[in-house]
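Each chain, letter by letter, is given below.
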Amino acid sequence: MTAEADTPDPSDHPVTGLNEVVHQRVRLGILAIAHEARRVEFGYLRSQLDLTAGNLSKHLTVLETAGLIDIEKGYEGKRGRTWITLTPKGRTALAEEIGRLKVLIARVETTTEGK
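Residues numbered from 1 in each chain as written. Predicted model: local features only at pLDDT ≥ 70, side-chain atom pairs only at ≥ 80, totals over all residues. Heavy atoms only, no water.

Asks: It is not clear to me how the side chain of threonine 82 should be interpreted in this structure. Could you clarify?
Replies: Examined against the element boundaries, threonine 82 turns out to sit in strand E3 (residues 79-86). Sequence-distant contacts of threonine 82, that is, excluding residues within four places in its chain, are made with Val40, Glu41, Phe42, Ile71, Glu72 and Lys73. (Helix = DSSP H or I, 4+ residues; strand = E, 2+ residues; numbered from the N terminus. Contact = heavy atoms within 4.5 Å.)

See below:
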């Protein structure tokens with residue numbers, strides 16, 4: 001709140017702290033699934049998030065460039081596989097995003113209860 005008009009200071013609002021890289025729906029889904037699974041295969045992510053391989057690849061590139069995931073390519077038998085794992089930075093970014101969302105939800109619920 002600003003002292004002059006008792007209006008909320010926009011810089012104090014929880015949405016201003018949301019991470020644009022993490023918050024995007026598909027990337028948040030990738031991080032959440034990778035967190036749950038510890039190590040997740042590309043095909044599993046593709047089917048769970050209902051994406052094309054190309055679309056998923058683009059989102060994975062954004063997350064890898066930001067240092068939030070590691071991508072490991074290898075073989076299972078004769079079949080090529082790609083596995084995704086969260087980095088420590090990725091775990092932190094996901095936890096911070098979830099924390100901000102909880103604050104936002106609490107704030108909305110508080111204002112809704114008073115009406």
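Asks: Looking at this structure, I do not really get the packing of helix H2 (residues 25-37) against helix H3 (residues 42-49). What am I missing?
Replies: Two elements in contact, H2 and H3, have axes whose closest approach is 11 Å; the angle formed by their N-to-C orientations is 130°. Accordingly, the angle class assigned to the pair H2 and H3 is oblique. The chirality of how H2 crosses H3 is right-handed. Mapping the contact onto sequence places Val26, Gly29, Ile30 and Ile33 in H2 and Tyr44, Leu45, Gln48 and Leu49 in H3. Along the lines of polarity and charge, the residues of the contact of H2 with H3 split into 6 nonpolar, 2 polar and no charged. (Axes fitted to C-alpha atoms, helices over the stretch in contact; angles between N-to-C directions. Parallel < 35°, antiparallel > 145°, perpendicular 65-115°, else oblique. Left-handed = near helix turned anticlockwise from the far one by under 90°. Nonpolar A, V, L, I, M, F, W, Y, C, P; charged D, E, K, R; others polar.)

Asks: What's the story with the pattern of salt bridges in this structure? I'm lost.
Replies: Any two side chains of opposite charge can pair, on the condition that their charged atoms come close. Here the structure, examined in full by the defined rule, presents 4 salt bridges. Here glutamate 72 makes a salt bridge to arginine 39, at a shortest N to O gap of 3.3 Å. Placement of glutamate 72 in strand E2 (residues 69-76) and of arginine 39 in the loop between H2 and strand E1 (40-41) is noted, with a sequence separation of 33 residues between them. Owing to a relative accessible area of 40%, arginine 39 belongs among the partly exposed residues under this scheme. It is possible to trace a salt-bridge network through shared partners that takes in Glu41, Glu76 and Arg81. (Salt bridge = Lys/Arg side-chain N within 4 Å of Asp/Glu carboxyl O. Buried < 20%, exposed > 50% of the residue type's maximum accessible area, 1.4 Å probe, protein only.)

Asks: When you look at the packing of H3 against helix H4 (residues 53-65) in this model, what are you seeing that I'm missing?
Replies: Between two packed helices, both the angle of their axes relative to each other and the distance between the axes serve to describe the pair. Direction vectors running N to C along H3 and H4 enclose 110°, while the axes themselves pass 10 Å from each other. Relative to H4, H3 is oriented roughly perpendicular. Contact with H3, carried on its side by Phe42, Leu45 and Arg46, involves Ala53, Leu56, Ser57 and Leu60 of H4 and no other residues of that element. Along the lines of polarity and charge, the residues of the contact of H3 with H4 split into 5 nonpolar, 1 polar and 1 charged.

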